[in-house]
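What follows is the residue order along each chain.
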Amino acid sequence: MTLLDMLPSMGRVAPGRLDPAIWPVTAHSDEEGRLCVGGVPLTDIADEFHTPTYVIDETDFRQRVRRYRRALRGVEVVYAGKSLLTTAVARWAAEEGLGIDVCSSGELAVAMAGGVRPSRIVMHGNAKSPEELREAVRVGVGRIVLDSCIEIAYLAGVARQRQPVLIRVTPDIDIHGHRAITTGISDQKFGLTLHGDRADVAAQRVLAHPILDLVGLHCHIGSQVTDPALYGEAIHRMIAAMADIRARHGVILTELNIGGGHAIPYIPGGRELDLDELARVIEDALDEACAAEHFPRPTLVVEPGRAISGRAGVTLYRVCSIKTQPGGRTFVAVDGGMSDNPRVSLYGAQYTVALANRHPMGLKQRVTIAGRHCEAGDEIARDVELPADLHPGDLLAVATTGAYHHSMASNYNMVCRPPVVAVKGGRARELVRRETIADLLARDRG
Ligand SMILES: Cc1ncc(COP(=O)(O)O)c(C=O)c1O
């Protein structure tokens, strides 16, 4: 008889589902206390692919897309590829009926290799090069979102046939979030402010060019937005701007893209943008704003990224060492860190962490999960509760790491980037292999 059998109350977690607000929809713990995602024990993935590894639950990704399509009927949903993009992920999004937003020739190439129709691709970026614009035009991307007047000149120089474009503007809406992800205010690098005549001058230049077809306006007010009313306010300001363009230039724009930024919870109790509420706000705001301006209702487009890919992802780490500093914190060092998850050092992001390989025993302790990199700020999670019997070799799973992890990974300290492994129906499939030292040396010309 084990100690656990004698003292069942000592922290044994009943098998079952994990909080679906944070963990992938298929996540559960089995009889042995192992966490499973997509029907695959995470220990098996760690054994086969080693650690750190990004695990992506295909079912979770697809279910989030379907939820969007059910909630936002009549709204075009374009998946923000910057949050997570591999050819398979692009294919899932396209199969579920979404377009894809890309920000570089690299993202464009991956989306195309995933079989996304170019007409369903929206090209973004605040510093597109003439080469990137030429490539976008060559493959026939459906929409190019222009961010500055010089881009209009570049695009005019490379376009050979009718090219639909939108102009990105800032409606001056402050989401009061982290400055790095607050993009709807005027004093930041994206878009053209609606104050003064900047946006109007850009519209005039596009309209003056015979094959650039100005179809609409775009804005992205920021990320981790929990209040749907902010999108309502954006719609009011954007429709007013579209009515201004009609008054000045006699053109009726037919498309309004209000970007993404829909919040998801990363820790228990964290807030999420309510999609049903968002649908109501969009309907009401469009009705009111179009009635007030006597403006025909445009097609509305949204660009969620993390709300589709974030919860599908779990990152696996192996515990390397545990150290309690006298009078200080207990540090659990793992074999990854800010090279596979820069969001903690960038935005002070918080995460939920669980022991993934066994039942915990006994009491809990409050720890900091520290990374392996040469910076004191290299942390994955602070003040998380983990079993007191945690030891080197244990496997940890960090939830909500599908978005902006693989896509933001670096080679800091010449650490190789982790693989991306998709799970579904009890099977694991490597989507992106682990980077090797040979990959790193291949770029070094000596
Ligand atoms: C233009 C644009 N659209 C969509 C997104 C997606 O944001 P999120 O992943 O927070 O939904 C971003 C994020 O930076 C963006 O810049």
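Residues numbered from 1 in each chain as written. Predicted model: local features only at pLDDT ≥ 70, side-chain atom pairs only at ≥ 80, totals over all residues. Heavy atoms only, no water.

Colleague: What is the right way to read the packing of helix α6 (residues 130–139) against helix α7 (residues 149–158) from this model?
Modeller: A pair of packed helices is captured by two measures, namely the crossing angle of their axes and the spacing between those axes. It is the contact of α6 with α7, at a shortest axis distance of 9 Å, that shows an interaxial angle of 50°. One element, α6, and the other, α7, form an angle in the oblique class. Read as a crossing pair, α6 and α7 show a hand that is right-handed. Contact residues: Pro 130, Leu 133, Arg 134 and Val 137 in α6; Glu 151, Tyr 154, Leu 155 and Val 158 in α7. A class-by-class count of the residues in the contact of α6 with α7 yields six nonpolar, no polar and two charged. (Axes fitted to C-alpha atoms, helices over the stretch in contact; angles between N-to-C directions. Helix = DSSP H or I, 4+ residues; strand = E, 2+ residues; numbered from the N terminus. Parallel < 35°, antiparallel > 145°, perpendicular 65-115°, else oblique. Left-handed = near helix turned anticlockwise from the far one by under 90°. Contact = heavy atoms within 4.5 Å. Nonpolar A, V, L, I, M, F, W, Y, C, P; charged D, E, K, R; others polar.)

Colleague: Honestly, the packing of helix α3 (residues 58–71) against helix α4 (residues 87–95) in this entry has me stumped. Any pointers?
Modeller: Close contact between α3 and α4 brings their axes to 10 Å; oriented N to C, the two are set at 35°. In the crossing of α3 with α4, the sense of the turn from one axis to the other is right-handed. Between α3, through Glu 58, Phe 61 and Arg 62, and α4, the contact on the second element is made entirely by Val 89, Trp 92, Ala 93 and Glu 95. For the contact of α3 with α4, the per-class residue count stands at four nonpolar, no polar and three charged.

Colleague: Would you take a moment to explain the pairing of strand β12 (residues 212–218) for this structure?
Modeller: A regular strand carries its side chains on alternate faces of the sheet. Burial analysis of β12 places six of its seven residues in the buried class, the great majority of the element. As defined by bridge partners, strand β10 (residues 163–170) adjoins β12 across six bridges and the pair is classed as parallel. Bridge pairing in β12 links Val 165 to Leu 214. By the bridge criterion, three bridges tie β12 to strand β13 (residues 255–257) in an arrangement that is parallel. By the bridge assignment, Leu 217 is partnered in β13 with Leu 256. (Buried < 20%, exposed > 50% of the residue type's maximum accessible area, 1.4 Å probe, protein only. Pairing = 2+ DSSP bridges.)

Colleague: What am I meant to see in the side chain of Thr 401 here?
Modeller: Structurally, Thr 401 can be placed in the loop between β20 (395–399) and β21 (420–424). A relative accessible area of 2% means that Thr 401 is categorised as buried. Here Val 314 takes part through its backbone nitrogen, which lies 3.4 Å from a polar atom of the side chain of Thr 401. Those residues in contact with Thr 401, other than ones at most four positions away along the chain, are Gly 310, Gly 313, Val 314, Thr 315 and Tyr 351. (Polar contact = N/O pair within 3.5 Å; in protein donor to acceptor, adjacent residues only side chain to side chain.)

Colleague: Help me out: how do you make sense of the pattern of salt bridges in this one?
Modeller: Where charged atoms from two side chains of opposite charge come close, those side chains can pair. If you walk through the whole model with that rule in mind, you get 27 salt bridges. Notably, a salt bridge pairs Glu 96 with Arg 62, separated by 2.8 Å at the nearest N-O pair. One end of the pair, Glu 96, is in the loop between α4 and β7 (99–102); the other, Arg 62, is in helix α3, with 34 residues separating them in the sequence. For the residue pair Glu 96 and Arg 62, the accessibility class agrees, reading buried in each case. For Asp 200, the salt bridge goes to Arg 248, with nearest N and O atoms at 3.5 Å. With Asp 200 in helix α8 (residues 198–208) and Arg 248 in helix α9 (residues 229–249), this residue pair connects regions lying 48 residues apart in the sequence. Take Asp 200: its relative accessible area is 14%, and that puts it in the buried class. One salt-bridge network, held together by shared partners, links Glu 58, Arg 62, Arg 66, Glu 95, Glu 96 and Lys 424. (Salt bridge = Lys/Arg side-chain N within 4 Å of Asp/Glu carboxyl O.)

Colleague: What is the right way to look at the site of the ligand in this model?
Modeller: Around the ligand sit 16 residues, and of these Ser 223, Gly 261, Glu 303, Arg 306 and Tyr 404 come closest. Asp 101 places a polar side-chain atom, nitrogen or oxygen, 3.5 Å from a nitrogen atom of the ligand. Within the backbone of Gly 261, an N or O atom sits 2.8 Å from an oxygen atom of the ligand. Computed on the free molecule, the ligand has an accessible area of 400 Å², of which 91% lies beneath the protein chains in the complex. Residues that form the shell around the ligand fall into these classes: three nonpolar, eight polar and five charged. (Near = heavy atom within 4 Å. Areas by Shrake-Rupley, 256 points an atom, 1.4 Å probe, with all protein chains shown as cover.)

Colleague: Would you mind going over the packing of aromatic side chains with me for this structure?
Modeller: Centre distance and the angle of the planes are the two values used to describe a pair of aromatic rings. Inspection of every chain in the model, using the stated rule, returns three aromatic pairs. Aromatic pair Phe 61 and Tyr 79: ring centres 5.3 Å apart, planes at 80°, arrangement edge-to-face. Taken together, the residues span a long stretch of sequence, with Phe 61 in helix α3 and Tyr 79 in strand β6 (residues 75–80) at a distance of 18 residues. (Phe/Tyr/Trp six-rings, centres within 6.5 Å; stacked < 30°, edge-to-face > 60°.)

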